[in-house]
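# An overview of the molecular structure
Here is what each chain is made of, one letter per residue.
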Amino acid sequence: DEAAQSAQRVSVAAGGRQALTWWGAVDNVETVSLVFHASGGGLSDSATPEGGDIPVLTYSASATFGTAGMLDQAGARQEQVALPKSFTPTGGGLEVELSPSLAAALVSGLQVVETFPDRDMPISLASRLLPNLEAYRTLTDLGADNPALKTSLDAAIREGVNGLVRTQNSDGGWGWVALRNSDADLSAYILFALSRAKDAGAQVPAASIALAQTYLLTSFGSGEIREGWQKDRMIFLAWVIQESGAGDQLSTQELVAWRPELSPWAKALLILILQPTDDANAALLLQDVNDAAVRTATGAHWEDVTGRQQNHASTVFTTAVVTYALARVDPASPVLVDAVRYLVSTRSSQGGWYSPYDTAWALMGLSQALKGTGDIQASYGFSASLNGAPLASGQADGSNAFNPVVTRVPLSDLSPDALNTLQIQREGGSGRLYYRAYLQVDRPVESAQAVNQGI
């Protein structure tokens, strides 16, 4: 129409050219269609941009609000979703994920592992290898029939093992950057990954394992060990040395004496070290770990109490390590169910956790816990509705145990002035339904406040 037209008059010499610029205001649309028309001297022509319609990019600030939960018996759970009142969103939507088993939530998390940055750095290689490996071992142990997933995991394991062997230093350790100075903490993490891969049947050079064991045995106990975080780290090194098959070269007496100063995650690993030979002290440590659980509406978690920064010990990491250990030594523990619920509920909207390291440990903990849940044999129906209208549905059974049901709702389907009721429904049967919902809204950037989360 005339309102959407704008003309300019210029003089252009024969064979010359002239640049013209138009300014305009664009509504909240996805694309703009433009037609350029020129006339002069009795001649005229028209053209459109070579690339077609021009996309409209909205300069906005995105915010995400989430909730998660678990239903282990027939019933319904309601979550209320409200759009912001302080601004009118320029875009976004509501995403709902229903996982008919812990296996489905696990597979969803494994997809995030493949997006880790700096793929060839040793820490990234190990953080992709370990969750893929533990998932593969878990599925194999449970006799789960998912050939496509196993093929994918097998390829990821080969890639991880080859990358770690290639980046090993001549002293047997690994550096934070490939072939730089070795770090004992990182090297223990990687040795654990390689030894687990070897136990699972992957082709890992025996020389790489032996060289890494020698490096860690040399590092174990070297220098003064005064601080609690140092003792936590020595427990980690000792556990990896034992897991890799060289535990007969260690003495555990000093480790037990550190018990009052250890963080929950180090105590959990010490349980695994002691359990084969020292049931009495292992039982005391298990009681310590259970007593240290922090229970909230989202489940149970554990906090590091010594050196969070030095050992990269976030709450998710600490909870994941405890979950991993409890699932191995006490799979019937009531607190284990709440720990799983906490880990599942703290996933980000992208499906991972705070960092690649946290994500790797969380997936390892969930993989180990999966063995005791019976989720692979789940059998029940489930559904979700929004404001009474059907949103998604599915059936938990052997063939669908690995397939989360994911649906996304545009903001236009949500009431801006009232609470929107999201109802999660689980029918009778065996198994657990895990769900999470994320409301993502974009706001005009000029009205967004600066983010301040410290350094």
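Summarised in this report is the structure supplied together with it. (Residues numbered from 1 in each chain as written. Predicted model: local features only at pLDDT ≥ 70, side-chain atom pairs only at ≥ 80, totals over all residues. Heavy atoms only, no water.)

Taken together, the side chains of Val 10, Val 12, Leu 20, Trp 22, Leu 34, Phe 36 and Ile 54 define a hydrophobic patch exposed on the protein surface, amounting to about 550 Å² of accessible area. The residue Leu 20 is located in the segment before strand S1 (31-32) in this model. (Patch = residues over 30% accessible without salt bridge, like charges linked within 9 Å, V, L, I, M, F, W, Y side chains within 5 Å. Areas by Shrake-Rupley, 256 points an atom, 1.4 Å probe, with all protein chains shown as cover. Salt bridge = Lys/Arg side-chain N within 4 Å of Asp/Glu carboxyl O. Helix = DSSP H or I, 4+ residues; strand = E, 2+ residues; numbered from the N terminus.)

The next subject is the sheet that holds strand S10 (residues 380-386). Pairing is antiparallel in the open sheet, where four strands are placed in the order S6-S13-S10-S11. Each edge of the open sheet carries a strand with a single partner, namely strand S6 (75-81) and strand S11 (389-396). Taken over all neighbouring pairs, the strand axes of this sheet differ in orientation by 15° on average, direction set aside. Strand direction decides the pairing type here: S10 and S11, joined by seven bridges, are antiparallel. Bridge pairing links Ser 385 to Pro 390 in S11. (Pairing = 2+ DSSP bridges. Axes fitted to C-alpha atoms, helices over the stretch in contact; angles between N-to-C directions.)

Overall, antiparallel pairing links the four strands, which are arranged S5-S14-S7-S12 in an open sheet. For this open sheet the edge positions go to strand S5 (60-71) and strand S12 (405-410), each flanked by a neighbour on one side alone. The mean inter-strand angle of the sheet, taken between neighbouring strand axes irrespective of direction, is 15°. Bridge analysis of strand S7 (residues 91-99) against strand S14 (residues 433-444) gives nine bridges, and the strand direction is antiparallel. The residue bridging Gly 92 from the neighbouring strand is Val 441, located in S14. Helix H11 (residues 334-345) rests against S5 and S14 of the sheet, and its axis sits at about 160° to S5. (Contact = heavy atoms within 4.5 Å.)

Next up on the list: the packing of helix H1 (residues 102-113) against helix H2 (residues 122-142). Packed helix pairs are characterised by how far apart their axes lie and by the angle those axes make with each other. Viewed as axis vectors pointing N to C, H1 and H2 meet at an angle of 155°, and their least axial separation amounts to 10 Å. With respect to each other, H1 and H2 are oriented roughly antiparallel. Here H1 runs over H2; the crossing is left-handed. Residues Leu 106, Leu 110 and Val 113 of H1 pack against Ser 127, Arg 128, Pro 131, Asn 132 and Ala 135 of H2. (Parallel < 35°, antiparallel > 145°, perpendicular 65-115°, else oblique. Left-handed = near helix turned anticlockwise from the far one by under 90°.)

The next thing to look at is the nonpolar core. In this structure, Leu 164, Tyr 189, Ile 235, Phe 236, Trp 239, Trp 361 and Phe 402 are the most contacted members of the largest nonpolar core, which totals 100 residues. Excluding residues within four positions of it along the chain, Phe 402 makes contact with Ala 103, Ala 104, Val 107, Leu 139, Ala 144, Asn 146, Leu 149 and Ile 376. Leu 83, Ala 384, Ile 424 and Leu 439 belong to the second-largest nonpolar core, a separate cluster that totals 25 residues. (Core = buried A, V, L, I, M, F, W, Y, C linked by side-chain atoms within 4.5 Å. Buried < 20%, exposed > 50% of the residue type's maximum accessible area, 1.4 Å probe, protein only.)

What follows deals with the pattern of salt bridges. A side chain with one charge can pair with a side chain of the opposite charge if their charged atoms come near. Summed over all chains, the structure comprises 13 salt bridges. Taking the shortest distance from any N to any O, the salt bridge between Lys 371 and Asp 141 comes out at 3.0 Å. One end of the pair, Lys 371, is in the loop between helix H12 (356-370) and S10; the other, Asp 141, is in helix H2, with 230 residues separating them in the sequence. Looking at Lys 371, the relative accessible area reads 30%, which means it is partly exposed. In this structure, Arg 158 engages Asp 154 in a salt bridge whose closest nitrogen and oxygen atoms are separated by 2.5 Å.

Attention now goes to the pairing of S14. Of all 12 residues making up S14, 11 are buried, and the element is well covered by its neighbours. In terms of strand pairing, S5 meets S14 through 12 bridges, oriented antiparallel. Looking at S14, one finds that Ala 63 is bridged to Val 441.

Attention now goes to the packing of aromatic side chains. Scanning the model with the defined rule gives 14 aromatic pairs in all. Ring centres of Phe 192 and Trp 361 lie 6.3 Å apart, and the angle between their planes is 5°; this geometry places the pair in the stacked category. Within this pair, whereas Phe 192 is found in helix H4 (residues 184-199), its partner Trp 361 is found in helix H12, the two being separated by 169 residues in sequence. With relative accessibility at 0%, the residue Phe 192 sits in the buried group. Here Phe 317 and Trp 361 contribute two aromatic rings whose centre-to-centre distance is 5.7 Å and whose plane-to-plane angle is 90°, an arrangement assigned as edge-to-face. One end of the pair, Phe 317, is in helix H10 (residues 315-329); the other, Trp 361, is in helix H12, with 44 residues separating them in the sequence. (Phe/Tyr/Trp six-rings, centres within 6.5 Å; stacked < 30°, edge-to-face > 60°.)

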